[in-house]
Amino acid sequence: MKAMRLQRILGLVAALGVITCICAFHTTAAVIIPLEVLGHVNIEQLPTITAQSPSSLIAFPFDESFPMTCEAKGNPEPEFRWMKNGQEFDPFLDPRLMKEENSGTFVIPNNGNLTEYQGTYRCYASNKLGTAISKEIEFIVPHVPKFPKETLDPVVVEEGQPFTLKCDPPKGIPPLQIYWMTISLQHIEQDERVSMGLNGDLYFSHAVEKDSRRDYCCFAAFPRIRTIVQKNAMSVIVQTKKSDTSPETANAILQRRPSLLTPSSARSETQLVKEEDLKLECIAEGFPTPQVEWVKVGHRLPIKAKLENHGKLLIVPRVEQEDSGKYMCKAKNALGEAVHYFTVTIEEPPEWVSEPESQLSMIGSDVLIKCSASGTPQPTITWRVNGVPLQEAPAANRKVLGDTILLRNAKASDSAVYQCEASNRHRTLLSNANIMIMNLPPMILTKEGEDYSAVEGKGVMMHCKVFSSPPSTVTWSKDDSSESVEGPRFAVHDNGSLEIYSVEKGDTGQYTCLAKNTEGSSAIDTMLYVKDPTRIVVPPEHLQILIGTTAQLSCLAEYDESFKNDIELLWEKDDMEIALNYTENSRYFVEDGILQIINVSHWDQGVYTCVARTPVDQDTASAWLIVLDVPDAPEYLVLSERKSKSVKLKWNPGDNHNSSTTEFIIEYEESQWEPGNWKELLRVPGNHNSAVLKLHGNVDYCFRVSGVNSVGRGPSSEPTERYKPPAAAPDKNPENIKIEGHLAHEMDINWEPLLPIEHNGPGLEYKVSYRRQDLEEDWQEHMVKRHSFVVKNTPTFVPYEIKIQAKNNQGWGPDPKIVTGYSGEDFPSAAPDDVAVEVMNSSVVKVSWTRVHKDKLHGHLGGYRINWWRLRSLVDSKKSHGDKHTLTIPGDRNHAAVPGLTPFSEYSLIVMTFNGRGNGPGSHPVNFKTPEGVPEKNPVFRVTDVQKHTVSLVWAPPLEPNGILTGYLLEYQLINDTEEVGPLQTVDISNPDTTKWTLRDLEPVSKYKLYLRSCTTVGCGLVVSEECTTTLETSKSASPSPPSTPKSPVTKPTRSTIGLASIHGGISTQGWFIGLMCAIALLTLIVLIACFVNRNKGGKYSVKEKEDLHPDVESQGMNDDTFCEYSDNDEKPLKGSQHSLSREIKAGDSGDSLVDYGDEDVQFNEDGSFIGEYAGRKEKRVSAEIKATVQTPA
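Description of the structure in this document. (Residues numbered from 1 in each chain as written. Predicted model: local features only at pLDDT ≥ 70, side-chain atom pairs only at ≥ 80, totals over all residues. Heavy atoms only, no water.)

A separate point is the state of the cysteines. Simply put, disulfide is the name for a covalent bond between the sulfur atoms of two cysteines. One pass over the structure, following the stated rule, counts seven disulfides. Linked covalently through their sulfurs, C70 and C123 form a disulfide whose S-S length is 1.8 Å. Sign of the S-S torsion, about -75 degrees for the bond between C70 and C123, identifies this disulfide as left-handed. Of this pair, C70 sits in strand β5 (residues 70–75) while C123 sits in strand β10 (residues 119–127), placing them 53 residues apart in sequence. In terms of burial, C70 and C123 fall into one category: buried. Covalent S-S linkage joins C1015 and C1020, the inter-sulfur distance amounting to 2.0 Å. Handedness of the C1015-C1020 disulfide follows from its S-S torsion of about 90 degrees: it is right-handed. Across this residue pair, the class does not change: C1015 and C1020 are buried. The thiol sulfur of C217 is not disulfide-bonded, and the nearest other cysteine sulfur, from C218, lies at 9.0 Å. (Disulfide = S-S within 2.5 Å. Helix = DSSP H or I, 4+ residues; strand = E, 2+ residues; numbered from the N terminus. Buried < 20%, exposed > 50% of the residue type's maximum accessible area, 1.4 Å probe, protein only.)

Now the structure itself:
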């Protein structure tokens, strides 16, 4: 089948050349042979008029030339001829006319007498197939309109009588405009009495004396020819009535009933064409001046009707048939009325009902040419063929049947141009219909092998444009199938195109268009590809953003993989594409589907649309961008309701920029005290646009307003005009009155003065009034201008009543409030009694007392103070008066806790009260003693000699033993740099005078940690520690090494494995060393067993024997390899050691915590410190020197 189709196509190409086609053109306005066909086949065409001049061509004098246009096309090229007034007219015979080759147009130049060219023209365009004709073209040569030269007699009229001034304008090119003016070009005033009619005449309902003048001029204007002409001036003489009998009747005008000046008859008929303006007028005379009314008989006046010329002219614009009928005007006054009836008929120019159409018909067919038109009156139909009346060109197979021409069994020779002309008195319509009779096989004008892409779910249109005669039948098939595509989703249109609705993936494939008629057939193939739809999966979201920041709108789309190089992601704002130029001034940037708008402004607000576009489809998603900003400044501030103490302020709020205004801030500025300084006066809710402002007198105010929203405060408005209320008495009295007594017999009164704007006028003073509260006495009054006053010679600390009132030149302020205060204070005269001390622990005591009676205070109670000092340490009997310490207890208290005392000491203590003037006398001293505590740290703890198996130590006793020393607790343990520790060994030194010790039987080349504490009967104090490393061999002499830098306490070892620490790298791998270590380990085991047996027998390890082995500390030299570190902060043994519990105490046992004492009334400052003046004892410096005379105990 495909081979047969190809053979048919090749046969057609052999006959007509290589042709591509579209569909059959058989019912068009003019039979147009497509250029694709004409490029390969020479098909003759009837002539068709393509351009012509308008029906009326006016030769305006200011135009240079006047073209008579006539252009046509056809095959062969048409030839042109003209008819003028029904006679042949050859432009080529007139050398003055300008002509063009192969054109029917000629041009009439405006360089002579144009009158000879005036007339009605028609153009004929002919070739061998037929003739087309143009509409009739009327060439009008207007003459210059002129009023006739004439002498006009004066118009003489009696006063009260009507008269008319005739204009009779000359004829000319419409429109015509008429004006009545004086010689000096002043318009004649028109009113209900005087008016101009449609014909240009000037009507006077009745004459009055002022109508007399000699310069009534009628001007006629013709805008299209730019001409104004003037009629000779007319003179009017109004004769007034004179009466000698009665002054009341002199110059009297007789009243009369109305009559119509125009129209003159009782009835008239008016005819006009549809869409024109209906103008009906009634101008009446009479006295008094008649009033004109209009009605439509049996109907209401049209809604679009309007009255002009003081009701004398009725205008109905653009009339329709329903506007026809009978209209009546009625002119009436008090004496009667006059009426006129208008019968209005609406006529219509011809309109096509069925305009003849050009046809391409096959040979042997019957051809119908129909022409009908409507209009009022009914148009006359005239037929022509090739420009000749039908009766002058008879044809045997042609008949006229009413409004239709029938061509039976048409032949090629019947091809012609038929003209139908429909005319009535208003217009003529002309239509040319090209009737072509020929046979042509199908020619498909669409290219072979077109590719179409469609989106799944959408529609697609595949084209197959065919030209043939008779019309071809077009069918579509898919993938070489012999069956046509059918179904509700497929439609073949009249132009041959195949439309597929809601495309599916299975529609992909090759489609064939086959066009066939009686003369042959033709076919083309095309491909359809179905693509995945483009979808925006991440649409932009609505965004509210502050002005001046950066906005980001995101957009992500899915699309068919085949369009990865053709996908476009565009952004639009308010349906206009955003241009992205990426210059320095650009504020729009797009990257990875994100639109960034830099420095957002108000102009950026709007709807932003993301457009994802492929060659076949697109998807869109939109979002609002709302720009937030502070409110604009309010406008149009107005002051109203001005009163002596208030004024009303109104304003128009500014744009809130998408964030509701929450409040308005009203500020004021005054010109006297602080000019230029704006201060806040009032705040009102954001839904208000006015406020009543309370004002002070004698202040020159101006105001401004600003709005506040969630973004912030907006700019302020322009200030109002100034307003100065009159001076008035003060509105208020001073506030914040303070009564103080700095001296015993004085009372100081101070207050906040009124602000300058609160003075309300000049001459501000204050009246200070006072009296004792406990006595019935009169008020003492003083006038002052300052804001303070001192009352002299007052009793000590007695209550007073005080009031202060403001006054200016206008009068007194309101009644003042009474406040109470006291006169000056004196020192308290009594001390607390029954002072008692209760010892809580070694560093805290509780003090109690009896309160001082208020009569002895002589002022406001400030509180109590406790002073104490250390008399001596109980360790020795030597007394030394220590520094005084103070603890202040505010308020009315009768006990307090005194912290920070030194244990095992004797103290003395007194208690006193105080007020605003100062301290009272102290109580009788109370002495007390603090119990023993644990000692302080030893100030010196040092390694003086290190050997292979021994370490010598020396120390100094604590500066503050806080009791009687009972001895020392010395502990040590093996450590190394790998965090391995050995068991904690303990040495209990019971002699408090011992200050040195030698540790024996230590491991060689090992690092040890040493701990020392001083002890009393209460317990042992804080730890000091030292580190050192034993040597490989015993030295006989060595120079001592300097003390090492103190180290921070070691509190948390991380491993508990017991091992040996070596300072000689690599020695542990030597054979002799291994043997030596084994021997030492065996020896140590034997010694430990012996010690264990000895202890079980009740024996005790003699410390004294060890001390006797090394009686002289300084005689023991220190090995050069010794490495010792001193730290007085290492307070705890390392983790994993065996703690000695026999003489330890808990850290809390010697603390100063007041919580343990249960004193719930103890007060603290905000930082947690005691309330009071507490000064600690001074630390004593202790020399760290070790004297050579110190000996190891025997």
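Now that the structure has been shown, the text picks up again.
Attention now goes to the packing of aromatic side chains. Under the defined criterion, the tally for this structure stands at 21 aromatic pairs. Note on F797 and Y822: the rings are 4.4 Å apart at their centroids and 15 degrees apart in plane angle, and the pair reads as stacked. Taken together, the positions of F797 in the loop between β68 (788–792) and β69 (799–808) and Y822 in strand β71 (residues 819–822) put the pair 25 residues apart, joining distant regions of the chain. Three or more aromatic residues joined by ring pairs form one cluster here, namely W82, F89, F106 and Y121. We note K326 situated over the ring of Y341; from NZ or CZ to the ring centre the distance is 5.9 Å. The positively charged end of K767 is found above the aromatic ring belonging to W812, 4.7 Å away from the centroid. (Phe/Tyr/Trp six-rings, centres within 6.5 Å; stacked < 30°, edge-to-face > 60°. Lys NZ or Arg CZ within 6 Å of the ring centre and 35° of its normal.)

A separate point is the pattern of salt bridges. Going through the model one piece at a time under the given rule, you end up with 46 salt bridges. Note that K505 is salt-bridged to D532, the shortest N-O span being 2.9 Å. With K505 in the loop between β45 (498–500) and β46 (509–517) and D532 in the loop between β47 (520–531) and β48 (535–538), the pair connects residues that are 27 residues apart, well separated along the chain. Residue K505 is classed as partly exposed on the basis of its relative accessible area of 39%. The class for D532 is partly exposed, based on a relative accessible area of 33%. In this structure, E758 engages K732 in a salt bridge whose closest nitrogen and oxygen atoms are separated by 3.4 Å. Pair noted here: E758 is in the loop between β65 (746–752) and β66 (765–772) and K732 is in the loop between β63 (701–708) and β64 (735–740), with a separation of 26 residues, a long-range link. Using a relative accessible area of 25% as the deciding quantity, one classes K732 as partly exposed. A single salt-bridge network, built from bridges that share partners, covers D94, R96 and E116. (Salt bridge = Lys/Arg side-chain N within 4 Å of Asp/Glu carboxyl O.)

Shape descriptors only; they carry no functional weight alone.
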